[in-house]
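# Working through the structure, step by step
Letter by letter, the chains look like this.
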Amino acid sequence: MIDVSGSYGVNVCGYDTYKKLMHQGWLKIKDLGSNVLGPVHPVINEVIKPLREITGLDEVSFHMSGTEAVMAAVRLVRFNKQRPLVVTFGGAYHGWWDGMQPGPGNERFTSDVLAVKDMSEASMAMIKARASEIAAVLISPLQGLNPGKPPPSDLVLMDSAMRKTNDRMQDYTNWLHRLRKVTAELDIPLVFDEVYTGFRMGQHGATEFYGMGPDSGLGPDMIVYGKTLGGGMPVGVVCGKKELMHRFDKKHPLRVNYIIGTFSAAPMTLGAMSAFLEWNKESKGLYENGQKKTDEFIESCNKEFIDRGLPMRVDSLTTVWTVLFSQPGRYHWMYQYYLRSEGLALSWVGTGRCLFSLDFTDAQYETVKQALLRAGERMQEDGWWWDGSAEGEKNLTASTIKGKMSYEMVTKMVGIRK
């Protein structure tokens, strides 16, 4: 079994490296112990200093998970800007907190979150018009893979409408740069949610990848990290400008911003983070090689798909990759189960986001490619690449599939049978 789930984004280094990082982390903190939770363990200095250098931001706040770190970031910008609204972009995921997750999975109506269309002039106009109400604009840099849309999951693979990914990469980069300039002019904090992309989309994450690092003049006002930064331990981190990180109001001392957590900055987590940051500092070549190998994998797979007449393609954003379909079909969601049968360990979101860790070998890339091909051919043999072209059938489109599914759902609900 080969893991291409990347442990939901955590596994950048490879399993064996994380074992070493956690061991090194324990050696750093074992003399004082792992339960130094009242006073701050001195190993924290080995984490704060490199994070400030990487981000160019003033202060660092520690939390227990990526979702919790996003919660803290949103609370901080609302408190310090004294504005109610937060802007996000359609399809972006910012954790499971019901205050930030619109759409399926959250039954709460989020009236103070404005989810708008990515790369849209109307969205930019709205941000300008409501600037005095907006506490922050949140960016999920992974949206560069498919701007404005969620990754394919069991909820959206039913019709499998054809999608385009990073043919618009330069356009998306230009959009982010423009958004940064506009938000700076309007005094709206720009927050990069790098829980998933931090230290994956490059040695220093998505800000580096999109040319928005600390020396670019385009850096965000706040960056949220999680996942791989923990070196194998659960973690959430917020790095931000000093004026956005205040937990109390200097003019009104009784107005406080309550953000705490018993195990935030736990010594074991700090030790593992310190070990990870030391590894990261020396790993530029690993990141470059991982990008090169993934590009070669994508090119090789797509050539084989075309040669064998299979209706899918793969595309990537650094070492994050996804499966696309070149024709609509009702049963594309089944492909993930064929992949599992071929020995690929996937996350629950099916073929939405797959990941390569930086320790993948040439042989493992080839094994994954052959699994993709065999799974596609088996689906073809079993008749699941139905395209609606058989005699007596209409030409199949995503809209006709949706229409047929809607009809079936309604007739089932009201008890009508054919």
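What comes next concerns the included structure. Note that the structure is a prediction, hence the values are computed from the model and not measured.

## Considerations on the side chain of His177
Here His177 shows up in helix H5 (residues 169-185). When residues no more than four places from it in sequence are discounted, the contact partners of His177 are Tyr210, Gly211, Met212 and Leu218.

## What about the nonpolar core?
As a rule of thumb, nonpolar side chains are buried together in soluble globular proteins. Ranked by internal contacts, the top residues of the largest apolar core, which has 62 residues, are Leu51, Val137 and Val237. Top contributing element to this core by residue count: helix H7 (residues 267-281), with seven residues. Excluding residues within four positions of it along the chain, Val137 makes contact with Val87, Phe89, Ile127, Leu179, Thr183, Ile188, Pro189, Leu190 and Val191. Within the second largest apolar cluster, 29 residues are counted, among which are Val4, Leu339, Leu344 and Tyr365.

## Notes on the sheet that holds strand E12 (residues 354-355)
Backbone hydrogen bonds hold the strands of a sheet together, and the pairing may be parallel or antiparallel. Read across the sheet, three strands follow the order E9-E10-E12 without closing on themselves; strand pairing throughout is antiparallel. The sheet is open, and its two edges are formed by strand E9 (312-317) and E12, each paired on a single side. Examined bridge by bridge, E9 and strand E10 (residues 320-325) share six bridges and lie antiparallel to one another. Bridge pairing links Ser316 to Trp321 in E10.

## Quick word on the sheet that holds strand E6 (residues 190-194)
Ordered by their spatial adjacency, seven strands build an open sheet running E2-E8-E7-E6-E5-E3-E4, and the pairing between neighbours is mixed. Of all strands in the sheet, those bounded by a partner on one side alone are strand E2 (59-63) and strand E4 (113-116). Pairs of neighbouring strands in the sheet enclose a mean axial angle of 20 degrees, with direction left out of account. Examined bridge by bridge, strand E7 (residues 222-226) and strand E8 (residues 236-240) share five bridges and lie antiparallel to one another. For Val224, the partnering residue across the bridge sits in E8 and is Val238. Sheet contacts for helix H2 (residues 45-55): E2, E7 and E8; angle to E2, the most-contacted strand, approximately 120 degrees.

## Points about the packing of aromatic side chains
Within this structure, the stated rule accounts for 19 aromatic pairs. With centroids separated by 6.3 Å and ring planes inclined at 85 degrees, the aromatic side chains of Trp333 and Tyr337 adopt a geometry described as edge-to-face. Ring pairs connect the aromatic residues Phe199, Tyr225, Phe276, Trp279 and Tyr287, which therefore count as one cluster. Directly above the ring of Phe79 sits Arg255, whose terminal nitrogen or CZ lies 4.0 Å from the centroid. Here Arg353 stacks its cationic end above the ring of Tyr196, 5.5 Å away from the centre of that ring.

## Considerations on the pattern of salt bridges
Under the criterion given, the structure shown has 21 salt bridges. Here Glu278 and Lys28 are joined by a salt bridge, their closest N and O atoms 2.9 Å apart. One end of the pair, Glu278, is in helix H7; the other, Lys28, is in helix H1 (residues 15-29), and 250 residues separate them in sequence. Linking Lys292 and Glu296 is a salt bridge whose minimum nitrogen-to-oxygen distance equals 2.9 Å. With Lys292 and Glu296 both in helix H8 (residues 284-307) and four residues apart, the pair spans about one turn of that helix. Look at Lys292 and you get partly exposed, because its relative accessible area is 45%. A cluster of three or more residues bridged by salt bridges with shared partners is formed by Lys28, Glu46 and Glu278.

About the cut-offs
- Residues numbered from 1 in each chain as written.
- Predicted model: local features only at pLDDT ≥ 70, side-chain atom pairs only at ≥ 80, totals over all residues.
- Heavy atoms only, no water.
- Helix = DSSP H or I, 4+ residues; strand = E, 2+ residues; numbered from the N terminus.
- Contact = heavy atoms within 4.5 Å.
- Core = buried A, V, L, I, M, F, W, Y, C linked by side-chain atoms within 4.5 Å.
- Buried < 20%, exposed > 50% of the residue type's maximum accessible area, 1.4 Å probe, protein only.
- Pairing = 2+ DSSP bridges.
- Axes fitted to C-alpha atoms, helices over the stretch in contact; angles between N-to-C directions.
- Phe/Tyr/Trp six-rings, centres within 6.5 Å; stacked < 30°, edge-to-face > 60°.
- Lys NZ or Arg CZ within 6 Å of the ring centre and 35° of its normal.
- Salt bridge = Lys/Arg side-chain N within 4 Å of Asp/Glu carboxyl O.

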